[in-house]
Amino acid sequence: MTARFPLVPLTSAAAIGLSLATLGGTAQAATEWDMPTPYGDMTFHTVNIREFADDVREATDGELDITVHSNGSLIGHAEIKNSVRRGIVPIGELIMSRLANENAIFEVDSVPYLASSYEDAQALWEASREVIAEELAEQQLRLLFAVPWPPQGIYTNQAIESGDDLKNLSMRAYNTASERIAQLVGAVPTQVEVPDIPTAFSTGRVDAMITSPATGADTKAWDYLSHFNHAQLWLPKNMVIVSEKAFSRLDEATQQAVLDAAAEAETRGWAMSRQETDDALAVLEENGIEVSEPTPELAELLQEVGETMTEEWAGRAGDQGAAILEAYEAARD
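Predicted model only: the values in this text are computed from it and were never measured.

Novice: I'm lost on the packing of aromatic side chains in this one. Help?
Specialist: To describe a pair of aromatic rings, one takes the distance between the centres and the angle between the planes. One pass over the structure, following the stated rule, counts 5 aromatic pairs. On the numbers, 4.8 Å between centres and 75 degrees between planes, the contact of Tyr 39 with Trp 149 is edge-to-face. Residue Tyr 39 is located in the loop between strand S1 (31-36) and helix H2 (44-59), and its partner Trp 149 is located in the loop between strand S4 (141-148) and strand S5 (153-156); the two are separated by 110 residues in the primary sequence. Residue classification places Tyr 39 among the buried residues on the basis of a relative accessible area of 7%. Taken together, a centroid distance of 5.1 Å and an interplanar angle of 35 degrees make the contact between Phe 201 and Tyr 224 tilted. Of the two residues, Phe 201 is situated in helix H6 (residues 197-202) and Tyr 224 in the loop between helix H7 (213-218) and strand S9 (227-229); the sequence distance between them amounts to 23 residues. Residue classification places Tyr 224 among the buried positions, given a relative accessible area of 10%. Each member of the aromatic cluster is reached from another via a ring pair, and the members are Tyr 39, Phe 44 and Trp 149.

Novice: I tried to follow the sheet that holds strand S8 (residues 208-211) on my own but got confused; where do I start?
Specialist: With respect to topology, 6 strands assemble into an open sheet ordered S7-S6-S8-S5-S9-S11, the strand pairing being mixed. Strand pairing shows two members of the sheet lacking a second neighbour, strand S7 (188-191) and strand S11 (290-292), which therefore form its edges. Across the sheet, the mean angle separating the axes of adjacent strands is 25 degrees when strand polarity is ignored. This element, helix H9 (residues 252-286), spans S5, S9 and S11 of the sheet and lies at about 135 degrees to S11.

Novice: How do you make sense of the confidence of the model for the protein chain when you look at a structure like this?
Specialist: As a note on interpretation, predicted positions should not be read in detail where pLDDT is low. Looking at the protein chain, the pLDDT average stands at 91 and 92% of residues meet or exceed 70. For residues 1-27, every residue scores under 50 in pLDDT, and the model assigns this stretch 1 contact once sequence neighbours within four places are set aside.

Novice: It is not clear to me how the pattern of salt bridges should be interpreted in this structure. Could you clarify?
Specialist: If charged atoms from side chains of opposite charge come close, those side chains can pair. In the structure shown here, the tally under the stated rule is 17 salt bridges. For Arg 57, the salt bridge goes to Asp 54, with nearest N and O atoms at 2.7 Å. Taken as a pair, Arg 57 and Asp 54 lie in helix H2 at a separation of 3 residues, close to a single helical turn. According to the relative accessible area criterion, Arg 57 is partly exposed, its value standing at 26%. Asp 65 serves as the salt-bridge partner of Arg 57, at 2.8 Å between the closest nitrogen and oxygen. The network of salt bridges with common partners includes Glu 51, Asp 55 and Arg 268.

Novice: Honestly, helix H4 (residues 118-137) in this entry has me stumped. Any pointers?
Specialist: Given 3.6 residues per turn, any residue in an α-helix points the same way as the ones three and four places further on. With 20 residues, H4 extends 27 Å from end C-alpha to end C-alpha; this agrees with the ideal 28 Å at 1.5 Å per step. Residue Ser 128 marks the point of greatest curvature in H4, where the axis turns by about 45 degrees. Regarding H4, the residues found buried are Tyr 118, Ala 121, Ala 123, Leu 124, Trp 125, Ala 127, Ser 128, Val 131, Ile 132, Glu 135 and Leu 136.

Novice: Is there a simple way to think about the side chain of Lys 237 in this case?
Specialist: Mapping Lys 237 onto the fold places it in strand S10 (residues 237-243). With residues up to four places along the chain from it excluded, the contact list for Lys 237 reads Leu 94, Ile 95, Met 96, Asp 109, Trp 125, Ala 146, Val 147, Pro 148 and Trp 270.

Novice: Is there a simple way to think about the packing of H2 against H9 in this case?
Specialist: Between two packed helices, what matters for the description is the angle formed by their axes and the separation of those axes. Contact geometry of H2 with H9 gives a least axis separation of 9 Å together with a crossing angle of 155 degrees. If you check the angle between H2 and H9, you find them roughly antiparallel. Handedness of the H2/H9 crossing: right-handed. Residues Phe 44, Val 47, Asn 48, Glu 51, Phe 52, Asp 55, Val 56 and Ala 59 of H2 touch H9, and the partners they reach there are Ala 257, Val 258, Ala 261, Ala 262, Glu 264, Ala 265, Arg 268, Gly 269, Met 272, Ser 273 and Glu 276. Classifying every residue of the contact of H2 with H9 gives 11 nonpolar, 3 polar and 5 charged.

Novice: I'm lost on the pairing of S4 in this one. Help?
Specialist: Looking along a regular strand, one sees side chains alternate from face to face of the sheet. Within S4, 7 of the 8 residues are buried, which leaves it mostly tucked inside the rest of the structure. Relative to S10, S4 runs antiparallel, the two being bridged by 7 bridges. If you follow Leu 143 over to S10, its bridge partner there is Ile 241.

Novice: Just to check I follow, could you spell out the nonpolar core for this structure?
Specialist: Nonpolar side chains in soluble globular proteins generally cluster together in the buried interior. If you look at the biggest cluster of nonpolar residues, it comprises 97 residues, and the most contacted ones within it are Phe 52, Leu 136, Leu 144, Phe 145 and Met 239. Among the elements that line this core, the one with the most residues is H4, at 9 residues. Setting aside its immediate chain neighbours within four residues, Met 239 contacts Gly 92, Glu 93, Leu 94, Met 96, Leu 99, Phe 106, Leu 136, Leu 143, Phe 145 and Ala 146.

Novice: How should unusual backbone geometry be read in this particular structure?
Specialist: The phi angle of most residues is negative, glycine excepted, and most peptide bonds adopt the trans form. Of note, Tyr 113 is a non-glycine position whose phi angle comes to about 65 degrees, a positive value. Along the chain, Tyr 113 falls in the loop between strand S3 (91-95) and H4. The class of Tyr 113 is partly exposed, set by a relative accessible area of 22%. With a phi close to 50 degrees, Lys 220 is a non-glycine residue in the positive phi region. Examined against the element boundaries, Lys 220 turns out to sit in the loop between H7 and S9.

The rules behind these values
Residues numbered from 1 in each chain as written. Predicted model: local features only at pLDDT ≥ 70, side-chain atom pairs only at ≥ 80, totals over all residues. Heavy atoms only, no water. Phe/Tyr/Trp six-rings, centres within 6.5 Å; stacked < 30°, edge-to-face > 60°. Helix = DSSP H or I, 4+ residues; strand = E, 2+ residues; numbered from the N terminus. Buried < 20%, exposed > 50% of the residue type's maximum accessible area, 1.4 Å probe, protein only. Pairing = 2+ DSSP bridges. Axes fitted to C-alpha atoms, helices over the stretch in contact; angles between N-to-C directions. Contact = heavy atoms within 4.5 Å. pLDDT = per-residue confidence, 0-100. Salt bridge = Lys/Arg side-chain N within 4 Å of Asp/Glu carboxyl O. Expected span 1.5 Å × (residues − 1). Bend = angle between axes of the 7 residues up to and from the residue. Parallel < 35°, antiparallel > 145°, perpendicular 65-115°, else oblique. Left-handed = near helix turned anticlockwise from the far one by under 90°. Nonpolar A, V, L, I, M, F, W, Y, C, P; charged D, E, K, R; others polar. Core = buried A, V, L, I, M, F, W, Y, C linked by side-chain atoms within 4.5 Å.

See below:
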């Protein structure tokens, strides 16, 4: 006896097949990006980047999901740029001046007293942005946005009133500019990443450091030092870069969502940096750090260091540097 099965009418079967085909054609898994950053969750740069990731997620209805890995937990600071370039991760954050050994234009924001106020730092960024973006593009990297740290000052365990007080101190350096300024004032530059700062001081590996009020507050500097000289040497920037290959894989609407979120993050980040300066200085003082301004003698020394380093930078940066300085001077006039 032959078994009989109910037959689906051809029109219904075709409708079901068409429906499945349609679902298969439109349903796509969300794109997931891992994003390494060098700094801790409380650092305003990280807070800003998490908001950037949230904005992208919301604007794309979750189709692009960026997971932020803070404090060097996924990839160390020194390897973030190359990891993005090589496609290990699609996007990342790093301090721009870390790339100074590749090209001097990346340390334009770390030349002492070239731009030591937010207004000048903004003018310098507008003058240098296109040159820096073009340099990154040659490595298939896209610049998304950049945000400055508060002005850099000098942390020590003693009052600094003249250049003699800095001589022979082991000074924490995080880029070529901080290494050079240590050399010019007679200190000994020592490479130390932010998470290692407290240990470096407590073990005597470093005696001084040039960094922002924000970093001092984040690392609870009052636990291992006593003085901060608000010298306002420069305002170094962190930048967020994305692999051009990864970016090009996104559809046009998602690309625009990333660019819009990046523009908003830059505007927000600059405002956060200004506020962070005031807040961090207050936190340092509340916790017993003696905050001071440079004495006339120290200011004169640091100004001379700045002039020397500006001349040295211009020599290294060549035509690109000359174009940046010309645009910067024009913007300030």
